[in-house]
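# Structural overview for review
These are the residues of each chain, in order.
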Amino acid sequence: MKAVVVDEPGAVRVADLPTPEPGPNDVVLKVGACGICGTDIHIIDGEFPPTVYPIVIGHEFGGQVTAVGENVTAFKPGDRVGVDPTLNCGSCYFCQRGMGNLCERWNGIGVASHPGGFAEYISVPERVVYAIPDDMSMKAAALIEPVSCVVRGFHRLQPQTGETYLIYGAGPMGLLNAQVARYNGASLVALIDINQSRLDRAKNEFGFEHVATNLEDLRDIAPRGFDNVIEATGVTRVAEQAIDAVKRRGKLLLFGVCPPGEKASYDAFKIYNEEITILGSMAVLNSYGPAIDIIASGAIDVERMVSDTFTLDEFPAALAHVRSGNGLKVQVAGTSS
Ligand SMILES: [Zn+2]
Ligand SMILES: [Zn+2]
């Protein structure tokens, strides 16, 4: 079968690999679609420490079951499924306390040592496979994982209905955060980006009226700041400046993945005096199931979110398109429908 292999940082190729057979507790699926994520770029560039090379990348995917291992009871060939890529160990200090996303032996499908979804077929443990509705497209199924990261962020934020939001970054993750905020009963959702075409798309295609290239232009709609500020650019300097947008007793969620080791500095007096909370949100925890339900409810505009679809053979072109920053979510589609 065809699969996208990263042999070492900087070396990506479409390879011919053996089609996987299921182990006793595994489910093999024919991949229907798999999204390209910023993490994939980091892995290709050698900037994701957990990665063990060579690796088949891809962690945002859905598909149709083609084979199951002898102990598998919940799935059968033909079932349409999504996969939570988290492979936590289940037995470390954090796993035993319900914090599997912070596992001391954390592993992830397509990002650490388990082969991923940019392949025609993939074998995964039954415990991370989720049934999806019959009418959910593969395009939508491949969006469950990024939405599940957003849901994890909202589980950390615990926003109240009627609150206001400012999201830094109007790329795929910023727009998913904005749509989940709207779904959560936001009274106002604003977005900031330095790329005007992204702002135009947020406004014209997704209906987010309040967009700007800087905070000052949003001061009149939120003179006291925003209840929830979500940093979705992964730029440390933005994570630092975002504190200026937080309302008294508001929250700043660091959702974007900033480069390890970089420091953001905050006015400690302001955090104290204005009762501000700064939160982190790491990947997926008990949020994959809710993400399926949120997408099934129609809260995410799947058709507009997925801007481009490529075949596995076209992976280098798909990658170049993601790097250009022009599209939104770029997916590689297989042959399941
Ligand atoms: Zn991702
Ligand atoms: Zn663990």
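An account of the accompanying structure is given in this report. (Residues numbered from 1 in each chain as written. Chains lettered and ligands numbered in written order. Predicted model: local features only at pLDDT ≥ 70, side-chain atom pairs only at ≥ 80, totals over all residues. Heavy atoms only, no water.)

## Here's the deal with the pairing of strand β15 (residues 246-254)
For clarity, the cut-off: By definition, two strands form a pair when at least two bridges between them are found by DSSP. Per the convention used, a helix needs a DSSP run of H or I reaching at least four residues, while a strand needs a run of E reaching at least two, with both numbered from the N terminus. Here, the term right-handed applies to a crossover whose path from the first strand over the helix to the second runs clockwise when the strands point away from the viewer.
Sheet topology places strand β14 (residues 226-231) next to β15; five bridges connect them, and they run parallel. Counterpart to F226 in the pairing with β15 is V246. The β-α-β motif built from β14, the intervening helix α7 (residues 236-241) and the parallel element β15 has right-handed crossover chirality. As defined by bridge partners, β15 adjoins strand β16 (residues 277-280) across four bridges and the pair is classed as parallel. Pairing of K251 across the sheet is with T277, part of β16.

## Comments concerning the coordination of the zinc ion (ligand 1)
Keep this limit in mind: The donor set covers N, O and S atoms within 2.8 Å of the metal, switching to 3.2 Å for Na, K and Ca, and it leaves out water, so a site may look short of donors. Relative accessible area decides the class of each residue, using a 1.4 Å probe on protein chains only: under 20% of the type maximum gives buried, over 50% gives exposed, and in between gives partly exposed.
Each protein donor to the zinc ion (ligand 1) is listed here as C37 (SG), H59 (NE2) and E60 (OE); together their distances run 2.1 to 2.7 Å. Along the chain, the residues that donate to the zinc ion (ligand 1) are spaced as C-x21-H-E. Residue C37 is found in the loop between β3 (26-35) and α1 (38-44), and its partner E60 is found in strand β5 (residues 60-68); the two are separated by 23 residues along the sequence. Like E60, C37 is buried.

## Structural notes on the pattern of salt bridges
Side chains that differ in charge, positive against negative, can pair when their charged atoms come close. Just so we agree on the cut-off: Think of a salt bridge as a Lys or Arg side-chain nitrogen and an Asp or Glu carboxyl oxygen that are within 4 Å of each other.
Going through the model one piece at a time under the given rule, you end up with eleven salt bridges. Residue K139 pairs with E303 through a salt bridge whose shortest N-O separation is 2.9 Å. Highlighted residues: K139 in helix α3 (residues 138-141) and E303 in helix α10 (residues 302-305), separated in sequence by 164 residues. The salt bridge partner of R249 is E275, with a shortest N-O separation of 2.8 Å. Of this pair, R249 sits in strand β15 while E275 sits in the loop between α8 (268-273) and β16, and the two are 26 residues apart along the sequence. Residue R249 is classed as exposed on the basis of its relative accessible area, which comes to 62%.

## Section: the packing of helix α4 (residues 144-157) against helix α5 (residues 172-183)
Worth spelling out the cut-off: Between the N-to-C directions of two axes lies an angle of 0 to 180 degrees, each axis being a line fitted to C-alpha atoms and, for a helix, fitted only over the stretch in contact. Reported orientations rely on four angle classes, namely roughly parallel under 35 degrees, roughly antiparallel over 145, roughly perpendicular from 65 to 115, and oblique for the rest. Two helices that cross are described as forming a left-handed crossing if the nearer one is turned anticlockwise from the farther one by less than a right angle, and a right-handed crossing if clockwise. Contacts were defined at the residue level, with two residues in contact if any of their heavy atoms lie within 4.5 Å. Gly is placed with the polar residues, together with every amino acid not listed as nonpolar (Ala, Val, Leu, Ile, Met, Phe, Trp, Tyr, Cys and Pro) or charged (Asp, Glu, Lys and Arg).
Direction vectors running N to C along α4 and α5 enclose 55°, while the axes themselves pass 10 Å from each other. Considering their axes alone, α4 and α5 lie oblique with respect to each other. At the point where α4 passes α5, the crossing takes the right-handed sense. Along its contact with α4, which presents P146, V147, V150 and F154, the element α5 presents M173, L176, N177, V180 and A181. Broken down by class, the residue content of the contact of α4 with α5 amounts to eight nonpolar, one polar and no charged.

## As for the sheet that holds strand β12 (residues 188-192)
The six strands are arranged β13-β12-β11-β14-β15-β16 in an open sheet whose pairing can be described as parallel. Taken across any chain shown, the strands that pair with only one partner, and hence form the sheet edges, are β13 (210-212) and β16. Across this sheet, the average inter-strand angle for adjacent strands is 20°, counted without regard to direction. Looking at chain direction, strand β11 (residues 164-168) and β14 are connected through four bridges and run parallel. Paired with Y165 across the bridge in β14 is N228. Of the strands in this sheet, β11, β12 and β14 touch α5, which is tilted by about 170° from β12. Where helix α6 (residues 196-204) meets the sheet, it contacts β12 and β13, and its direction lies at approximately 175° from that of β13.

## Topic: the packing of aromatic side chains
Applicable threshold: Ring pairs are drawn from Phe, Tyr and Trp, using the six-membered ring of Trp, whenever the two centres fall within 6.5 Å, and their geometry is named by plane angle: stacked under 30 degrees, edge-to-face over 60, tilted for the rest. Our definition puts a charge over a ring when NZ of Lys or CZ of Arg is within 6 Å of the ring centre and also within 35 degrees of the ring normal.
The tally for this structure, following the rule as stated, stands at five aromatic pairs. Aromatic side chains F269 and Y272 sit 5.6 Å apart centroid to centroid with 55° between the ring planes, which places their arrangement in the tilted category. Of this pair, F269 and Y272 both sit in helix α8, separated by three residues, roughly a single helical turn. Over the ring of Y93 we find R97, and its NZ or CZ is 3.9 Å from the ring centre. In this structure, R182 is placed above the aromatic ring of F208, and the distance from its NZ or CZ to the ring centre is 3.9 Å.

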